[in-house]
Amino acid sequence: MAHDRDSFLDWLEKQGIAHKTLDHPAVFRVGEGDDFKAALPGAHTKNLFLKDKKDRLWLISARQDTEIDLKRLHKVIGSDRLSFGSAELMVETLGVTPGSVTAFGLINDADKWVTFVVDRRLWEAERVTFHPLTNTATTGVDQAGFRRFLEAIGVEPIVVDFAALEVVA
């Protein structure tokens, strides 16, 4: 059963992961809603759902102001050339639709088809924010909570310094 917003937030509670969720109008692009997201502390994110030429799936999560060079990134993370994944694949693997892509969607990837790549600046941020499987809300967790989330679902991220374009962990 794929999680939706409510079951995901309940799951966080059961895991003992403290979180704060802010409801807001739907946002579809990075930078939209910065005015109301300012009320929620933390590193706000951009998330890219990608597929490579060998049909491997990738989720990139970075601070919203990070520049991501898709033409060079594949060499750093060990993928083939990258392009955006289809909406159908996104729904099938992460349980989200375009505009709602989020690292929290990894909870729905039971078969572990998606490789998670995270920005070093996000990995080191005190707090991080992501959509809780819908783009009509943003949920913030501290770094320890984010790492507990990944550990609980069995995801080991590739940490990339996007400024230096190198893997750091």
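Our subject is the structure listed above.
Residues numbered from 1 in each chain as written. Predicted model: local features only at pLDDT ≥ 70, side-chain atom pairs only at ≥ 80, totals over all residues. Heavy atoms only, no water.

I would appreciate a short explanation of the pattern of salt bridges in the present structure.
Oppositely charged side chains may form a pair once their charged atoms are brought near each other. Enumeration according to the criterion identifies eight salt bridges in this entry. Among the salt bridges present, the one from Arg-5 reaches Asp-6, with a minimum N-O distance of 3.8 Å. Its salt-bridge partner being Glu-124, residue Arg-120 comes within 3.0 Å of it at the nearest N-O pair. Take Arg-120: its relative accessible area is 24%, and that puts it in the partly exposed class. It is possible to trace a salt-bridge network through shared partners that takes in Arg-5, Asp-6 and Asp-23. (Salt bridge = Lys/Arg side-chain N within 4 Å of Asp/Glu carboxyl O. Buried < 20%, exposed > 50% of the residue type's maximum accessible area, 1.4 Å probe, protein only.)

Teacher, can you tell me more about the packing of aromatic side chains here?
The geometry of an aromatic ring pair is captured by the separation of the ring centres together with the interplanar angle, meaning the angle of the planes. For the structure shown, the criterion picks out 10 aromatic pairs. Note on Phe-8 and Phe-149: the rings are 6.0 Å apart at their centroids and 90° apart in plane angle, and the pair reads as edge-to-face. Separated by 141 residues along the polypeptide, Phe-8 in helix 1 (residues 5-15) and Phe-149 in helix 6 (residues 143-153) bring together distant segments of the chain. Phe-149 sits in the buried class, given a relative accessible area of 1%. An aromatic cluster of at least three residues, connected via ring pairs, comprises Phe-8, Trp-11, Phe-104, Phe-116, Trp-123, Phe-130, Phe-146 and Phe-149. Positioned over the ring face of Trp-123 is Arg-147, at 3.9 Å from the centre of the ring. (Phe/Tyr/Trp six-rings, centres within 6.5 Å; stacked < 30°, edge-to-face > 60°. Helix = DSSP H or I, 4+ residues; strand = E, 2+ residues; numbered from the N terminus. Lys NZ or Arg CZ within 6 Å of the ring centre and 35° of its normal.)

Can you help me understand the packing of helix 1 against helix 6 in this one?
For any two helices packed against each other, one specifies the inter-axial angle together with the distance between the axes. Here helix 1 crosses helix 6 at 100°, and the two axes come no closer than 11 Å. In terms of orientation, helix 1 and helix 6 fall into the roughly perpendicular class. Along the contact surface, helix 1 presents Phe-8, Trp-11 and Gln-15, while helix 6 presents Phe-149, Ala-152 and Ile-153. Each residue belonging to the contact of helix 1 with helix 6 can be placed in one class, and the counts come to five nonpolar, one polar and no charged. (Axes fitted to C-alpha atoms, helices over the stretch in contact; angles between N-to-C directions. Parallel < 35°, antiparallel > 145°, perpendicular 65-115°, else oblique. Contact = heavy atoms within 4.5 Å. Nonpolar A, V, L, I, M, F, W, Y, C, P; charged D, E, K, R; others polar.)

Which parts of the structure should I look at to understand the side chain of His-24?
Checked against the element boundaries, His-24 lands in the loop between strand 1 (20-23) and helix 2 (34-37). Judged by relative accessible area, which is 7%, His-24 ranks as buried. Among the polar contacts made by the side chain of His-24, one reaches the side chain of Thr-138 at a distance of 2.7 Å. (Polar contact = N/O pair within 3.5 Å; in protein donor to acceptor, adjacent residues only side chain to side chain.)

Mind showing me how you'd approach the pairing of strand 2 (residues 45-52) here?
Within a regular beta strand, the side chains point alternately toward one face of the sheet and then the other, so they alternate between its two faces. Here strand 2 lies mainly inside the structure; seven of its eight residues are buried. Where strand 2 and strand 3 (residues 57-63) come together, seven bridges link them in antiparallel fashion. Paired with Phe-49 across the two strands is Leu-59, which belongs to strand 3. Two strands pair when backbone bridges link them, and strand 2 and strand 4 (residues 82-84) are joined in this way by three bridges, in the antiparallel orientation. From the neighbouring strand, Lys-51 faces strand 4, where its bridge partner is Ser-83. (Pairing = 2+ DSSP bridges.)

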